[in-house]
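Structural characterization, general
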Amino acid sequence: MSAKTTLQNPKGPISGAEAVVRSLVAEGADLIYGYPGGAIMPVYDELYKFQDHINHVLVRHEQGAAHAAQGFARVSGQVGVCMATSGPGATNLVTGIADAMIDSTPLVCVTGQVPSHLLGSDAFQETDIIGISTPVTKWSYQVTRVEEIPEIIAKAFYIARSGRPGPVLVDITKDAQFGTSDFSYTPCTKIRSYKPVPETEENDLVQAAKLINAAKNPLIVWGQGVILGEAEEEFRAFVEKSGVPAAWTILGVSAIETSHPLNVGMVGMHGNYAPNLLTNECDLLLAIGMRFDDRVTGDLATYAKQAKIIHFEIDPAEVNKNVEVDVAVMGSVKHTLKAILTHLQTKTYPNWLKRFKELDAIEFDKVIDDEINPTKSGLTMGEVIKTINANSGGEAVIVTDVGQHQMIACRYAEFSQSKSNITSGGLGTMGFALPAALGAKMGAPNREVVAVIGDGGFQMNIQELGTIFQTQAAVKIVILNNDFLGMVRQWQQLFFDKRYASTEMVNPDFVKIAEGYFIDSKRVTEREEMTAAVAEMMKSDKPYLLEVCVEKENNVFPMIPSGASVSDIRLE
């Protein structure tokens, strides 16, 4: 057989492995991240034949495959695809799958499995990946018959992308891959008993509009649902007609530009002073495409108790789960935000907005100025982000790992377009950023992609430098190195009497490691070096690693202590 295969419909039976690949091609999945092995080898043999139609990226660890697929999905709006063999290959995907589940990222994960007659026998590299993955997927299914493959792949893509998106896992036994059957592919458009988008009740829109029109001091908190629903235009129209100040969760940022006059900053544990404090002073809270995560609400017993609450939501399971609401407007926010506009009065809230600006000024004087315009000798994380902003003009995709650098980047990065902030929100997965940045760059090849990573998280998936080198994806990697697991150290300082248990890092030479992967690199230790170094990195058309040695014991403020009220936000 030729090493290349055309896309013409096959005549007669084909193997299950070929059916998998043809199904992926039919779904437009032309980019796959994966790692081969015995139980998935028949599919890889077919991928070789279809290499003109599918680009397979060989990662260095299966967790990297899942995170890369996440980065691709988040920046492109498409379904990300990853692939692994059975046993350890499949289990190595699980962290990325769990991350995608809690952050509503659409993935289709294909794993190989031992032959069906060996299931349950503890065969070599057999693991019950369906049992393991079921709690962290929208749907998991094990294929044991070749005839099932096209229908199951079609269902997988439909479930992953529809309604509230999420990951799906399809496990395929080796005998199903080797078996033969006639092939035809029909995309899935509905599944009996599965209703991904609930109906919107007109009365809910009317009741919500009445509350909005009557409010004196309303506040919007929006989340990633606006971006996932591709509702950026509708959201902007809603914000501007209602005149309501709008704050964002960490996954919602960039739905409207950070410079918008009604964008009042980030809520949450390390969010901005004004929107956190005024959550407990507003008379109406509009939650749009967000799920009242504990890092946003703090102590639920004191969260927005004085306010009426409206929840715009696509997932019924999220309504009244953490916070009791007065009106739930169900449906896709792209539809509901447009539908409610005709019921809204055009309003402004100058005195209420003045209150935000007053609190912003306090935060700037006590926290922000010293972070982005430091007078101390050591470099701060904030001034690094400020320098990146000066070079990106807010156009770059910023991919962050988890920790202090994540909070600093999300607080200070400037964004002028949507799908620009890629981070691990709900699961908080260290090791996320490097492979996710690779996926983001491949999902948006014409955009600058900057990975901002701490020295701890960088080493969790450092091997993906090999994938970046092999693909030559022009990812810009910024390591903010403070020689600590910084966020844990901050908590130890504030709440554990400075007992720095197992948080100080003895790090390798990151620049030499990058050189070993033939990636251009530089280390910055002095403020005078930074502007030129960042500019050099941003101008490069190749992968580039910049290590910036920052202050070892700087803390991220403001901060709401764990379990405290949003009103207890600390500036120092």
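Residues numbered from 1 in each chain as written. Predicted model: local features only at pLDDT ≥ 70, side-chain atom pairs only at ≥ 80, totals over all residues. Heavy atoms only, no water.

Here's the deal with the overall build of the protein
On a plain count of helices and strands, the protein comes out with 22 helices and 20 strands. Against the globule reference of 25 Å for 572 residues, the protein gives a C-alpha radius of gyration of 24 Å, in line with a compact fold. Over its C-alpha atoms, taken along the principal directions, the protein stretches across nearly 75 × 60 × 40 Å. Looking at the protein as a whole, 60% of its 572 residues are labelled buried. Here the protein displays about 22300 Å² of accessible surface, and carbon together with sulfur accounts for 51% of that area. (Helix = DSSP H or I, 4+ residues; strand = E, 2+ residues; numbered from the N terminus. Rg over C-alpha atoms; globule rule 2.2 N^0.38 Å. Buried < 20%, exposed > 50% of the residue type's maximum accessible area, 1.4 Å probe, protein only. Areas by Shrake-Rupley, 256 points an atom, 1.4 Å probe, with all protein chains shown as cover.)

Thoughts on the sheet that holds strand S11 (residues 263-266)
In a beta sheet, neighbouring strands pair by backbone hydrogen bonds and run either parallel or antiparallel. The parallel open sheet is built from six strands, whose spatial order is S11-S10-S9-S12-S13-S14. Sheet topology places S11 and strand S14 (327-330) at the edges, where each strand pairs with a single neighbour. Taking each pair of neighbouring strands and ignoring which way they run, the sheet shows an average axis angle of 20°. Here strand S9 (residues 218-222) runs beside strand S12 (residues 284-288); their pairing, made up of five bridges, is parallel. Residue pairing across strands places Val221 opposite Ala287, the latter belonging to S12. (Pairing = 2+ DSSP bridges. Axes fitted to C-alpha atoms, helices over the stretch in contact; angles between N-to-C directions.)

A look at the pairing of strand S20 (residues 544-549)
Of all six residues that make up S20, five are buried, and the element is covered over most of its length. The pairing of strand S18 (residues 476-481) with S20 spans six bridges and is parallel. Bridging across to S20, Lys476 finds its partner in Tyr544. Summarising the sheet, strand S19 (residues 520-524) and S20 pair through five bridges and their orientation is parallel. Note that in S20 the partner of Arg523 across the bridge is Glu547.

Some details on the nonpolar core
Core analysis: the biggest nonpolar cluster contains 102 residues, and Ile220, Trp222, Phe235 and Ile288 have the highest contact counts within it. Among the elements that make up this core, the one with the highest residue count is helix H14 (residues 350-372) (seven residues). In contact with Ile220, not counting residues within four places along its chain, are Phe235, Phe238, Val239, Ser242, Val244, Pro245, Ala246, Ala247, Leu286 and Ile288. Leu31, Ala66, Leu93 and Ile462 belong to the second largest nonpolar core, which has 50 residues in total. (Core = buried A, V, L, I, M, F, W, Y, C linked by side-chain atoms within 4.5 Å. Contact = heavy atoms within 4.5 Å.)

Let's talk about the sheet that holds strand S16 (residues 421-422)
Strand order across the open sheet formed by six strands is S16-S15-S17-S18-S20-S19, with parallel pairing between neighbours. Two strands lie at the open edges of the sheet, namely S16 and S19, each paired on one side alone. Along the sheet, helix H15 (residues 381-392) contacts strand S15 (397-400), strand S17 (449-454), S18 and S20; its crossing angle with S18, the most-contacted strand, is approximately 160°. The strands touched by helix H22 (residues 527-539) within the sheet are S17, S18, S19 and S20, with S19 carrying the most contacts at an inclination of about 165°.

What to know about helix H3 (residues 62-76)
With 15 residues, H3 extends 21 Å from end C-alpha to end C-alpha; this agrees with the ideal 21 Å at 1.5 Å per step. Counting buried residues along H3, 14 of its 15 residues qualify, which places the element largely inside the surrounding structure. Of the residues flanking the end of H3, it is Gly77, one or two places downstream, whose phi is positive at about 80°. (Expected span 1.5 Å × (residues − 1).)

Some thoughts on unusual backbone geometry
Residue Phe557 is joined to Pro558 through a cis peptide bond whose omega torsion reads 0°. Within the fold, Pro558 resides in the segment after S20. Its identity is not glycine, yet Ser104 carries a phi of approximately 55°, on the positive side. When you line up the elements, Ser104 lands in the loop between helix H4 (88-102) and strand S5 (107-113). Of note, Ser502 is a non-glycine position whose phi angle comes to about 60°, a positive value.

Quick word on the environment of Lys347
With respect to the helices and strands, Lys347 occurs in the loop between helix H13 (333-340) and H14. Along the chain, Lys347 and Pro187 lie 160 residues apart, while their C-alpha atoms are 45 Å from each other. A polar atom in the side chain of Lys347 sits 3.3 Å from the backbone oxygen of Ala215. (Polar contact = N/O pair within 3.5 Å; in protein donor to acceptor, adjacent residues only side chain to side chain.)

Examining the packing of aromatic side chains
By convention here, two paired aromatic rings are described through the distance between centres and the angle between planes. Applying the stated rule across the entire model yields ten aromatic pairs. With a centroid separation of 5.3 Å and 35° between ring planes, the pair formed by Phe469 and Phe518 is classed as tilted. Within this pair, whereas Phe469 is found in helix H19 (residues 465-471), its partner Phe518 is found in the loop between helix H21 (510-516) and S19, the two being separated by 49 residues in sequence. The class of Phe469 is partly exposed, set by a relative accessible area of 32%. Residue Phe518 is classed as exposed on the basis of its relative accessible area of 63%. Here Trp491 and Phe495 contribute two aromatic rings whose centre-to-centre distance is 5.7 Å and whose plane-to-plane angle is 75°, an arrangement assigned as edge-to-face. Of this pair, Trp491 and Phe495 both sit in helix H20 (residues 486-495), separated by four residues, roughly a single helical turn. Overall, the relative accessible area of 22% leaves Trp491 in the partly exposed class. Taking relative accessible area as the criterion, Phe495 reaches 34% and is therefore assigned partly exposed. (Phe/Tyr/Trp six-rings, centres within 6.5 Å; stacked < 30°, edge-to-face > 60°.)

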